[in-house]
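# Examination of the molecular architecture
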Amino acid sequence: MKDPIQLSDHFGYGRLIRFVIPSVVMMIFTSVYGVVDGLFVSNFVGKTPFAAINLIYPLVMILGGFGFMLGVGGTAIVAKTLGMGEREKANEYFTFLIIATAVTGSLLATLGIAFAEPVARLFGAEGEMLRYAVIYVRIVLLGLPFFMLQNTFQNFFITAEKPKLGLAVTVMAGITNIVLDALLIYVLKWGIEGAAVATALSQFVGGIVPVIYFASKNTATLNFCRTRAYWKVLLKTCFNGSSELLSNISASIVTILYNYQLLRFAGEDGVAAYGAIMYVAFIFVAIFIGFVIGAGPIVSFHYGAGNEDELKSLRKKSINIVLAAGVAMLLVALLLSKTLCKLFVGYDEALYMITLRGFIIYAFSYLIAGFNIFGSSFFTALNNGGVSAIISFLRTLVFQIGALLILPEFLEIDGVWLSIIVAELLSAAVTTVFLVVKRRQYNY
């Protein structure tokens, strides 16, 4: 049996991949059970409810993004503190940040439920689509505090040197969602309400199981302990993780704009096609996100410990891995394009053709996306939330909105699908500039 991997180790390709694999699988599984949600709704509830979920889901992601912010930003601080040899202080920070996540999640859930209908109207929902969207999001938001906790713990499991436990929790939540989808949608015919209940209950599982684990005796590097309010740490956490929150907010805003443009050129079919494409994209991008979630605490630890040679090695190896993964993802996407599109929308030939063309164009963005995601995450791990936020802001909002506003005027619906590729190319240039300019500051 191979020795357990610790953050303080030297990471060659093999050790690095072994350490991040649980995080990658965890994120893939998270995406897969989201995809199953979409499959059940699209095939057993209908096209309009499916479009309604895709239209309103940006609200869930915006609010849930605060969990990613606290998890990624807090992990950078806690891992750095561990690297400095201050384990007791790291546990106090960890405990306080989990409490802050639970309180924030409860407040945001209350606000989201109260304003669900006006927000759905703002996103463009009307008629039956509005009714379905409001029903779905109000039920799902009941699980928001636990969804945020799950997002936060996904990062802290890595810092606690227990990535496999993080994977186990995600699998438990995923299986819960899949089984309940089948029971509530297919067997009991609860429709969109069944999809929402299944999602909320799976989020409860994903959030509460880690609380029980860290509150009990365990062998993890991190544990709950007596703590106090570390407001400066919370502010630093929010700043460090601002790029992750910004990514979620930006992606949600961009999704709204995608839906608006697609409604112009293809109507409800365009929104449904984009939903199908994004469900598959979630799985592919999840590989990159899982990698940076796993690698981030390693970078933060060695930055805190002053191991410059290890930082150089991690930067080089990580870039090579995400670029190679991007090529592999493109090839897989092209080979499976027809099968995946038929899986979601094979019941409607016109919708299938729109989805297939968009899927093939969109797939070329995978070549560059990993490099940009790593660049933003790398600076978060170095506790430089400013640079990370700039990369994320330009990539997920400015460049995409610019492309979405300009390209469709000349290329119509093809311009919508090409927008992501243009945005990733521009982002790669910005990411490269920052990696070159900041290399002397951090000696990576």
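### Points about the state of the cysteines
For the coordinates displayed, the defined rule picks out 0 disulfides. Lacking any disulfide linkage, Cys-225 is separated from the closest cysteine sulfur, that of Cys-238, by 20 Å. The exposure class assigned to Cys-225 is partly exposed, which follows from its relative accessible area of 31%. For Cys-238, a relative accessible area of 25% puts it in the partly exposed group.

### What to know about unusual backbone geometry
In this structure, Glu-161 takes a positive phi of about 60 degrees despite not being glycine. Along the chain, Glu-161 falls in the loop between helix H6 (144–159) and helix H7 (163–187). Judged by its relative accessible area of 24%, Glu-161 is partly exposed. A positive phi angle, close to 55 degrees, is found at Asn-443, a residue other than glycine. For Asn-443, a relative accessible area of 30% translates into the label partly exposed.

### With respect to the confidence of the model for the protein
For the protein, the average pLDDT comes to 89, and 99% of its residues sit at 70 or higher. When mean pLDDT is compared element by element in the protein, helix H16 (residues 413–437) scores highest at 96, while helix H10 (residues 242–266) scores lowest at 81.

### Let's talk about the packing of aromatic side chains
Per the stated rule, a full pass over the model turns up 29 aromatic pairs. When the ring of Phe-50 is compared with that of Tyr-279, the centres are 5.8 Å apart and the planes differ by 20 degrees; the resulting orientation is stacked. One end of the pair, Phe-50, is in helix H2 (residues 47–83); the other, Tyr-279, is in helix H11 (residues 268–305), with 229 residues separating them in the sequence. Residue Phe-50 is classed as buried on the basis of its relative accessible area, which comes to 0%.

### Topic: the packing of H6 against helix H8 (residues 192–215)
The geometry of H6 relative to H8 is characterised by a closest axis approach of 7 Å and an angle of 50 degrees between their N-to-C directions. When the axes of H6 and H8 are compared, the pair comes out oblique. The handedness of the crossing between H6 and H8 comes out as left-handed. In contact with Leu-144, Phe-146, Phe-147, Leu-149, Gln-150, Phe-153 and Phe-157 of H6, H8 contributes Ser-202, Gln-203, Phe-204, Gly-206, Gly-207, Ile-208, Pro-210, Val-211, Tyr-213 and Phe-214. Considered class by class, the residues forming the contact of H6 with H8 number 12 nonpolar, 5 polar and no charged.

### A word on the environment of Ile-390
With respect to the secondary-structure elements, Ile-390 resides in helix H15 (residues 385–411). Sequence-wise, Ile-390 and Thr-75 are 315 residues apart; in three dimensions their C-alpha atoms are separated by 20 Å.

### A closer look at H11
Over its 38 residues, H11 extends 54 Å from the first C-alpha to the last, a length consistent with the 56 Å expected when each residue adds 1.5 Å. Remark: the principal bend of H11, roughly 30 degrees, maps to Val-285.

### Describing H2
The end-to-end C-alpha separation of H2 is 51 Å, in line with the 54 Å expected for 37 residues at 1.5 Å each. Within H2, the axis deviates most sharply at Ile-56, by approximately 35 degrees, and proline Pro-58 lies no more than four positions further along. Counting buried residues along H2, 31 of its 37 residues qualify, which places the element largely inside the surrounding structure. Of the residues flanking the end of H2, it is Gly-85, one or two places downstream, whose phi is positive at about 85 degrees.

### Description of the pattern of salt bridges
This structure, assessed with the given rule, holds 7 salt bridges. Notably, a salt bridge pairs Arg-15 with Asp-9, separated by 3.0 Å at the nearest N-O pair. The class of Asp-9 is buried, set by a relative accessible area of 18%. Of the charged contacts in the structure, one is a salt bridge between Glu-409 and Arg-264, with a shortest N-O distance of 3.0 Å. Taken together, the residues Glu-409 in helix H15 and Arg-264 in helix H10 connect sequence positions 145 residues apart.

About the cut-offs
Residues numbered from 1 in each chain as written. Predicted model: local features only at pLDDT ≥ 70, side-chain atom pairs only at ≥ 80, totals over all residues. Heavy atoms only, no water. Disulfide = S-S within 2.5 Å. Buried < 20%, exposed > 50% of the residue type's maximum accessible area, 1.4 Å probe, protein only. Helix = DSSP H or I, 4+ residues; strand = E, 2+ residues; numbered from the N terminus. pLDDT = per-residue confidence, 0-100. Phe/Tyr/Trp six-rings, centres within 6.5 Å; stacked < 30°, edge-to-face > 60°. Axes fitted to C-alpha atoms, helices over the stretch in contact; angles between N-to-C directions. Parallel < 35°, antiparallel > 145°, perpendicular 65-115°, else oblique. Left-handed = near helix turned anticlockwise from the far one by under 90°. Contact = heavy atoms within 4.5 Å. Nonpolar A, V, L, I, M, F, W, Y, C, P; charged D, E, K, R; others polar. Expected span 1.5 Å × (residues − 1). Bend = angle between axes of the 7 residues up to and from the residue. Salt bridge = Lys/Arg side-chain N within 4 Å of Asp/Glu carboxyl O.

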